Amino acid sequence: MERSLTMEIVRVTEAAALASARWMGKGQKNEADDAATQAMRKVLGTIPMQGTVVIGEGEMDEAPMLYIGEELGTGSGPNVDIAVDPVEGTSIVANGSWNALAVIAIADGKCLLHAPDMYMKKIAVGPEAVGKVDVNASTLDNIKAVAKAKNKQVEDVVVTVLNRERHTDLIAEIREAGARIKLIDDGDVAGSINTAFDDTGVDLLLGIGGAPEGVLSAVALKCLGGEIQGVLQPANDEQLARCKEMGIEDITKVLRMDDFVKGDDAIFAASGVTDGELLKGVQFKGDSLATTQTVVMRAKSGTVRFIDGEHSLDLKPNLVIEE
């Protein structure tokens, strides 16, 4: 992939964040998602690439845009796989809560897992604990492994878990182990990424979340030197058949980094829609000015950039960024 794509995709997540942030706290998550999706698609169409959506808003008959299989870009430039989540945490935006992101990941063509839209059991860690955890190991063993890898006491380890009824037993196991818990209402891509940044205070992500979000998290963690493992959790025969249609024959297989994203090159970008531990959300200032904060990273170079953007809303701000 060309290095220039790193900055091009920043425009994509900034556009989505600016569009969806208008709906913050208004209780209308579908409207927030639709605004972000339209903005993201518009900017993607201006980028010099031959892109194919492999993680999107759904199938062609379910989503009017950014559907799986959709081709995006100008038609020139590198051939890439695209994974998108225009708003990772639509309910977060609707409620005006924390950690909503506009997210995109790209990799060389045929390199991203075509993850079916179903649940996945996951474990994610930052660089210190790579190779030390196992998604099929006990909760206690994984917490102990992370504590040892990070030179911490077990009671100082912070585990991020989606606040869902399905995690009742998991939460009890974490508490019994003596570790601390950060419950999140949505947004386990943010939860996964936070394990790789010391300032967030998060050491480990555990639990069951969306499989497409697992792919996005894997690209980010590949750039950051972290790790995610996953096991698909099909709920019925239809979902089982869907896995096989997408080339996943062994449902019990532990998916590792090279299963999620092959090759040595991938790019990830996320812009804050609402405030979070890692990124500030969109702020609308006086005189038709808005600000964004974005993190963009590339696996091949190991580069991580935080970009503060200022956007004149009178001048189609989504097409220009300022560092």
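No experiment lies behind these values; they were computed from the predicted model shown.

Asker: I would appreciate a short explanation of the overall build of the chain in the present structure.
Answerer: Along its length, the chain carries nine helices and 13 strands. A compact globule built from 323 residues would reach a C-alpha radius of gyration of about 20 Å, and the chain, at 19 Å, matches this within 12%. Each principal axis of the C-alpha distribution contributes one length, and for the chain these read about 55 × 45 × 40 Å. Across the 323 residues that make up the chain, the buried fraction comes to 54%. Put simply, 69% of the contacts in the chain that link residues at least 6 apart link residues at least 24 apart. When the accessible surface of the chain is summed, it comes to about 14000 Å², and 44% of that surface belongs to carbon and sulfur atoms. Taken as two groups, the 32 positive and 51 negative side-chain charges of the chain have centres that lie 3 Å from each other.

Asker: So what exactly am I meant to see when it comes to the packing of helix α4 (residues 139–149) against helix α5 (residues 168–177) here?
Answerer: When two helices pack together, you describe them by how their axes are tilted relative to each other and by the distance separating the axes. For the pair α4 and α5, interaxial distance at closest approach is 9 Å and the crossing angle is 50°. The pairing of α4 with α5 is recorded here as oblique in orientation. In this structure, α4 meets α5 at a crossing whose hand is right-handed. Contacts from Thr139, Leu140 and Ile143 of α4 reach α5 at Leu170, Glu173, Ile174 and Ala177. Split into classes, the residues belonging to the contact of α4 with α5 amount to five nonpolar, one polar and one charged.

Asker: Would you mind going over the pairing of strand β3 (residues 79–88) with me for this structure?
Answerer: Across a regular strand the side chains alternate sides, sitting on one face of the sheet and then on the other. Buried residues dominate β3, accounting for nine of its 10 residues. Across five bridges, strand β1 (residues 50–55) lies against β3 in parallel orientation. Bridge pairing in β3 links Gly51 to Val80. Strand direction decides the pairing type here: β3 and strand β4 (residues 101–108), joined by seven bridges, are antiparallel. When the sheet's bridge partners are listed, Glu88 is paired in β4 with Leu101.

Asker: What should I look at first to understand the sheet that holds strand β8 (residues 204–210) in this one?
Answerer: Remark on secondary structure: sheet strands pair via backbone hydrogen bonds, oriented parallel or antiparallel. Spatially, five strands are ordered β7-β6-β8-β5-β9 in an open sheet, and the strand pairing comes out mixed. With one partner strand each, in any of the chains shown, β7 (180–184) and β9 (227–233) form the two edges of the open sheet. The mean inter-strand angle of the sheet, taken between neighbouring strand axes irrespective of direction, is 20°. Two elements, strand β5 (residues 119–125) and β9, share seven bridges in a ladder whose sense is antiparallel. Bridge pairing in β9 places Val125 opposite Glu227.

Asker: Whenever I open this one, the packing of helix α1 (residues 4–21) against helix α2 (residues 29–44) confuses me. Can you help?
Answerer: At a closest axis distance of 8 Å, the pairing of α1 and α2 adopts a crossing angle of 150°. Taken as axis vectors, α1 and α2 run roughly antiparallel relative to one another. At the point where α1 passes α2, the crossing takes the right-handed sense. Contacts from Arg11, Val12, Ala15, Ala16, Ala19 and Ser20 of α1 reach α2 at Ala32, Ala35, Ala36, Ala39, Met40, Val43 and Leu44.

Asker: When you look at α4 in this model, what are you seeing that I'm missing?
Answerer: Think of an α-helix as turning once every 3.6 residues; residues three or four places apart then point the same way. Of the residues making up α4, those classed as buried are Thr139, Asn142, Ile143, Ala145, Val146 and Ala147. Phi turns positive, to about 55°, at Asn151, one or two residues after α4.

Asker: How should I be thinking about the pairing of strand β12 (residues 289–298) in this particular structure?
Answerer: Where burial is concerned, most of β12 is hidden: nine out of the 10 residues are buried. Looking at chain direction, strand β10 (residues 266–272) and β12 are connected through five bridges and run antiparallel. Opposite Ala269, over in β12, you have Val296 as the bridge partner. Inspection of the sheet shows strand β11 (residues 283–285) paired to β12 by three bridges, in the antiparallel sense. Note on β12: the bridge partner recorded for Phe284 is Ala290. The turn linking β11 back onto β12 is made up of three residues, and Asp287 within it adopts a positive phi angle of 60°. Across 10 bridges, the pairing between β12 and strand β13 (residues 303–312) is antiparallel. From the neighbouring strand, Gln293 faces β13, where its bridge partner is Asp308. Here β12 folds back onto β13, and the loop between the two strands holds four residues, one of which, Gly302, carries a positive phi near 75°.

Asker: Would you mind showing me how to read the environment of Glu70 here?
Answerer: Note on placement: Glu70 falls in the loop between β1 and β2 (71–72). According to the relative accessible area criterion, Glu70 is buried, its value standing at 2%. Of the polar contacts made by the side chain of Glu70, one reaches the backbone nitrogen of Leu66; its length is 2.5 Å.

Asker: Would you mind showing me how to read the environment of Met7 here?
Answerer: The topology assignment puts Met7 in helix α1. Taking the C-alpha atoms as reference points, Met7 and Val54, 47 residues apart in sequence, are found 21 Å from one another.

Cut-offs used in this document
Think of each chain on its own: its residues are numbered from 1, step by step along the sequence as written. Given that the model is predicted, a residue must reach a pLDDT of at least 70 before its local features are reported, and side-chain atom pairs must reach 80 or more before they are shown or counted; all residues, however, enter totals for whole chains, interfaces and linings. Each side-chain value is worked out from all heavy atoms of the structure, with water and hydrogens disregarded. Working definition: helices are DSSP H or I runs of at least four residues, strands are E runs of at least two. Numbering for both runs from the N terminus. Radius of gyration: over C-alpha atoms. The globule rule applied is 2.2 Å multiplied by the number of residues raised to the 0.38 power. Each residue's exposure class comes from its accessible area (1.4 Å probe, protein chains only) as a fraction of the maximum for that residue type: buried when under 20%, exposed when over 50%, partly exposed otherwise. Residues are treated as being in contact if the distance between any of their heavy atoms lies within 4.5 Å. Per-residue accessibility takes into account occlusion by the displayed protein chains alone, with areas from the Shrake-Rupley method and a 1.4 Å probe. For the charge count, each Lys or Arg is scored as positive and each Asp or Glu as negative, with His and the chain ends excluded. Every charge is mapped onto a representative atom, which is NZ of Lys, CZ of Arg, CG of Asp or CD of Glu. Axis lines are fitted to C-alpha atoms, over the contacting stretch for helices. Their N-to-C directions set the angle, which ranges from 0 to 180 degrees. Each angle receives one of four descriptions, namely roughly parallel if under 35 degrees, roughly antiparallel if over 145, roughly perpendicular if within 65 to 115, and oblique otherwise. Here a crossing is taken to be left-handed if its near helix is turned anticlockwise relative to the far helix by less than a right angle, and right-handed if that turn runs clockwise. Classes in brief: Ala, Val, Leu, Ile, Met, Phe, Trp, Tyr, Cys and Pro nonpolar; Asp, Glu, Lys and Arg charged; the others, Gly included, polar. Any two strands with at least two DSSP-identified bridges between them are counted as paired. Any N or O atom pair separated by 3.5 Å or less is treated as a polar contact, with the protein-specific requirement of one donor-capable and one acceptor-capable atom, and with residues adjacent in sequence counted only for side-chain atom pairs.

Honestly, it's all geometry; don't read function into it.
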